[in-house]
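Observations on the model geometry
The residues making up each chain are set out below.
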Amino acid sequence: MGQILGLRKTVYGVANITEAVAWYTQVLEQKPSYESDSYAAFSIGDCELGLNADARSAISRADGVVAYWQVLDLAVQIERLGTMGVRQHTDVEEVSGRVLMASFLDPYGNVFGLIEYLQTPIER
């Protein structure tokens, strides 16, 4: 077994932690598992999405990294996010007939991705 075990946490820098928590509570349809004046964490499956108000000044360009969060139906999520004013960052891409992927821009300039497995993911 390799030393890299999988995605566990992604942290987005945000300018306003209160607004970001409210927005991500709506997107993720759950409340944060932890929240302070400068950091909030959402537990999603085996992963965590962190929102860090202190990290915003250190982030100059979010396009270089995209964390993909699994969904059951990408088309439904695209429609739902569209009603929330979310801008799609990349078109839906089908990979090997097994996976659909797309990325979006949150109101804070971060890129986040959604992924739908059309078939059971390849066993590792």
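Keep in mind that this is a model prediction, so the values were computed, not measured. Once a new chain begins, its residue numbering starts again from 1 and follows that chain's sequence as written. Local features in a predicted model are, by the rule used here, given only for residues with pLDDT of at least 70; side-chain atom pairs are given and counted only at 80 or more, and totals for whole chains, interfaces and linings are based on all residues. Think of the side-chain values as coming from all heavy atoms in the structure, minus any hydrogens and water.

Some remarks on the sheet that holds strand E1 (residues 9-13)
Strand pairing in a sheet relies on backbone hydrogen bonds, with the paired strands running either antiparallel or parallel. To keep it simple, the criterion reads: Pairing between strands requires that DSSP locate at least two bridges from one strand to the other. Per the convention used, a helix needs a DSSP run of H or I reaching at least four residues, while a strand needs a run of E reaching at least two, with both numbered from the N terminus. Only heavy atoms matter for contacts: two residues are in contact if any of them lie within 4.5 Å across the pair. What counts as an axis is a line fitted to C-alpha atoms, over the stretch in contact for a helix, and the angles between N-to-C directions run from 0 to 180 degrees.
Ordered in space as E1-E4-E3-E2, the 4 strands form an open sheet in which the pairing is mixed. Where the open sheet ends on each side, the last strands, each with one partner, are E1 and strand E2 (34-35). Sitting on the sheet, helix H1 (residues 17-28) is in contact with E1, E2, strand E3 (39-44) and strand E4 (47-52), with an inclination near 10° to E3.

Thoughts on the side chain of Asn110
Quick note on the threshold: We call two N or O atoms a polar contact when they sit within 3.5 Å, provided that within protein one can donate a hydrogen and the other can accept it, with sequence-adjacent residues counted only if both atoms are side-chain atoms.
Among the structural elements, Asn110 can be located in the loop between strand E8 (99-105) and strand E9 (111-117). Here the side chain of Asn110 touches Gly13 through a polar contact of 2.9 Å, landing on its backbone oxygen.

Notes on the pattern of salt bridges
Basically, it comes down to this: Salt bridge, as used here, is a side-chain nitrogen of Lys or Arg placed within 4 Å of a carboxyl oxygen of Asp or Glu. With a 1.4 Å probe rolled over the protein chains alone, any residue whose accessible area is under 20% of its type maximum counts as buried; one over 50% counts as exposed, and the rest are partly exposed.
Summed over all chains, the structure comprises 1 salt bridge. As a salt-bridge pair, Lys9 and Glu48 come within 3.1 Å of each other at their nearest N and O atoms. Of this pair, Lys9 sits in strand E1 while Glu48 sits in strand E4, placing them 39 residues apart in sequence. Overall, the relative accessible area of 45% leaves Lys9 in the partly exposed class.

Let's talk about the pairing of E4
Among the 6 residues that make up E4, 6 are buried, leaving the element largely enclosed by the rest of the structure. Residues of E4 alternate between two faces, with Cys47, Leu49 and Leu51 on one and Glu48, Gly50 and Asn52 on the opposite face, all of them buried. Note that E1 and E4 share 5 bridges and pair parallel. Residue pairing for E4: Thr10 is matched across the bridge by Leu49.

Digging into the confidence of the model for the protein chain
The line we're drawing: Note on scores: pLDDT gives the predictor's confidence for each residue, bounded by 0 and 100.
In this model, the protein chain carries a mean pLDDT of 84, and residues with pLDDT of at least 70 account for 84%. Per-element mean pLDDT across the protein chain ranges from 86 in E1 up to 96 in H1.

With respect to the pairing of E8
Counting buried positions along E8 yields 7 of 7 residues, so the element is predominantly enclosed. Burial of E8 is two-sided: the residues Val99, Met101, Ser103 and Leu105 facing one way and the residues Leu100, Ala102 and Phe104 facing the other way are all buried. Pairing between strand E6 (residues 87-88) and E8: 2 bridges, direction antiparallel. Considered in E8, the bridge of Arg87 is made with Leu105. Here strand E7 (residues 93-95) pairs with E8 via 3 bridges, running antiparallel. Across the sheet, Glu93 pairs through a bridge with Met101, a residue of E8.

Describing the packing of aromatic side chains
Test applied: Only the six-membered ring of Trp is used, alongside the rings of Phe and Tyr, when aromatic pairs are assigned; centres must lie within 6.5 Å, and planes under 30 degrees apart are stacked while those over 60 apart are edge-to-face, with the rest tilted.
As enumerated under the stated definition, the model contains 7 aromatic pairs in all. Measuring from ring centre to ring centre gives 6.4 Å for Trp23 and Tyr108, while their planes differ by 85°; the resulting arrangement is edge-to-face. Highlighted residues: Trp23 in helix H1 and Tyr108 in the loop between E8 and E9, separated in sequence by 85 residues. Of the two residues, Trp23 and Tyr108, neither departs from the other in class, the shared state being buried. Note on Tyr24 and Phe112: the rings are 6.2 Å apart at their centroids and 70° apart in plane angle, and the pair reads as edge-to-face. With Tyr24 in helix H1 and Phe112 in strand E9, this residue pair connects regions lying 88 residues apart in the sequence. Grouping residues by exposure puts Tyr24 and Phe112 together as buried.

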